[in-house]
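Single-letter residue listing:
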Amino acid sequence: MAEYQKMSNAPVVLTTVDKLVQWGRSNSLWALSYGLACCAIEMMAAGGARYDFDRFGTIFRASPRQSEVMIIAGTLSKKHAEFTRRLYDQIPDPKWVISMGSCANTGGMFNTYSTVQGVDRIIPVDIYVPGCAPRPETFQFALMILQKRIRKEKASRKIAPKRLI
């Protein structure tokens, strides 16, 4: 681009449609928040004035039909597992999942009959955020990694079903 500007001195940017679509997608991620436990407080703090996820284009939504990213924050019980899967299925493609906190990632310290030992047993997870409870900065970094990953994907690709463990 710099050489082109030197030649004509015109502000022209050349790109492909795929890159333009993915850039738009990555900068307007609407998130379905699914706060289940103490990690949800950190997720809410990330949406507050100090960390301000709106500047990333991330707006928390209460409807799965208007969301692209599902954020699972906290301990998932087997009682909630069916509803979590149902909400995931209602999100239109392409969709991504962020698992936030040790309890969502692996069940944490709750190795009991009523706790799901990892959200990835119910829905496919794209980004795992470690910690108990993870700080909003960690969550912010995970979102930036997801944005970077989305920019590398092709917009016109056929969406393959994601694998569960």
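Basis of the calculations
Residues numbered from 1 in each chain as written. Predicted model: local features only at pLDDT ≥ 70, side-chain atom pairs only at ≥ 80, totals over all residues. Heavy atoms only, no water. UniProt positions renumbered as here; feature names shortened; annotations may be inferred. Pairing = 2+ DSSP bridges. Helix = DSSP H or I, 4+ residues; strand = E, 2+ residues; numbered from the N terminus. Phe/Tyr/Trp six-rings, centres within 6.5 Å; stacked < 30°, edge-to-face > 60°. Buried < 20%, exposed > 50% of the residue type's maximum accessible area, 1.4 Å probe, protein only. Lys NZ or Arg CZ within 6 Å of the ring centre and 35° of its normal. Axes fitted to C-alpha atoms, helices over the stretch in contact; angles between N-to-C directions. Contact = heavy atoms within 4.5 Å. Parallel < 35°, antiparallel > 145°, perpendicular 65-115°, else oblique. Left-handed = near helix turned anticlockwise from the far one by under 90°. Nonpolar A, V, L, I, M, F, W, Y, C, P; charged D, E, K, R; others polar.

The protein has the name NADH-quinone oxidoreductase subunit B in an unreviewed UniProt entry, where Campylobacter ornithocola is given as its organism. The UniProt entry for the protein carries the following comment under Subcellular location (unreviewed entry): "Cell membrane". Regarding the protein, the relevant UniProt record gives this comment under Sequence similarities (unreviewed entry): "Belongs to the complex I 20 kDa subunit family."

(A) Molecular detail of the pairing of strand β1 (residues 30-35). As paired elements, β1 and strand β2 (residues 59-61) share three bridges and run parallel to each other. Each residue of the ladder has a partner; that of Ala31, found in β2, is Phe60. Judged from the five bridges that link them, β1 and strand β3 (residues 69-73) form a sheet pairing that is parallel. When the bridges of β3 are listed, Gly35 appears paired with Ala73.

(B) Spotlight on the packing of aromatic side chains. Counted by the stated rule, this structure contains three aromatic pairs. Ring centres 6.3 Å apart and planes at 15° place the aromatic pair Phe53 and Phe60 in the stacked group. The exposure class of Phe60 is partly exposed, given its relative accessible area of 29%. Ring geometry for Phe53 versus Phe139: centroids 5.0 Å apart, planes at 25°, classification stacked. In this pair, Phe53 sits in the loop between α3 (39-46) and β2 while Phe139 sits in helix α6 (residues 136-152), placing the two residues 86 residues apart along the sequence. Each of the two residues, Phe53 as well as Phe139, counts as buried. Joined through ring pairs, the aromatic side chains of Phe53, Phe56, Phe60 and Phe139 make up one cluster. In this structure, Lys95 is placed above the aromatic ring of Tyr88, and the distance from its NZ or CZ to the ring centre is 4.3 Å.

(C) Quick peek at the sheet that holds β2. One open sheet holds the five strands; their spatial order is β2-β1-β3-β4-β5, and the pairing between them is parallel. Only two strands of the sheet have a single partner each, and these edge strands are β2 and β5 (127-129). Taken over all neighbouring pairs, the strand axes of this sheet differ in orientation by 30° on average, direction set aside. Relative to strand β4 (residues 96-100), β3 runs parallel, the two being bridged by five bridges. By the bridge assignment for β4, Met70 is matched with Val97. Most of the contacts of α6 go to β5, to which it runs at about 170°, and overall it touches β2, β3, β4 and β5.

(D) Seen up close, the packing of helix α2 (residues 17-26) against α6. Interhelical geometry of α2 versus α6 gives an angle of 160° and a closest axis separation of 8 Å. As far as their axial angle goes, α6 and α2 are roughly antiparallel. In the crossing of α2 with α6, the sense of the turn from one axis to the other is right-handed. For the pair α2 and α6, the contacting residues are Gln22, Trp23, Arg25 and Ser26 in the first and Gln147, Ile150 and Arg151 in the second. Taken together, the residues of the contact of α2 with α6 sort by class into two nonpolar, three polar and two charged.

(E) Structural detail: the UniProt feature "binding site: [4Fe-4S] cluster" (unreviewed entry) in the protein. Mapped onto this structure's residue numbering, the UniProt feature "binding site: [4Fe-4S] cluster" (unreviewed entry) falls at Cys38, Cys39, Cys103 and Cys132. Maximum C-alpha separation among the annotated residues is 9.8 Å over a sequence range of 95 residues, consistent with a single clustered spot. You can see Cys39 is positioned in helix α3. Among residues more than four places away in sequence, those in contact with Cys39 are Ala73, Gly74, Met100, Gly101, Ala133 and Pro134. The topology assignment puts Cys132 in the loop between β5 and α6. You can call Cys132 exposed: its relative accessible area is 64%.

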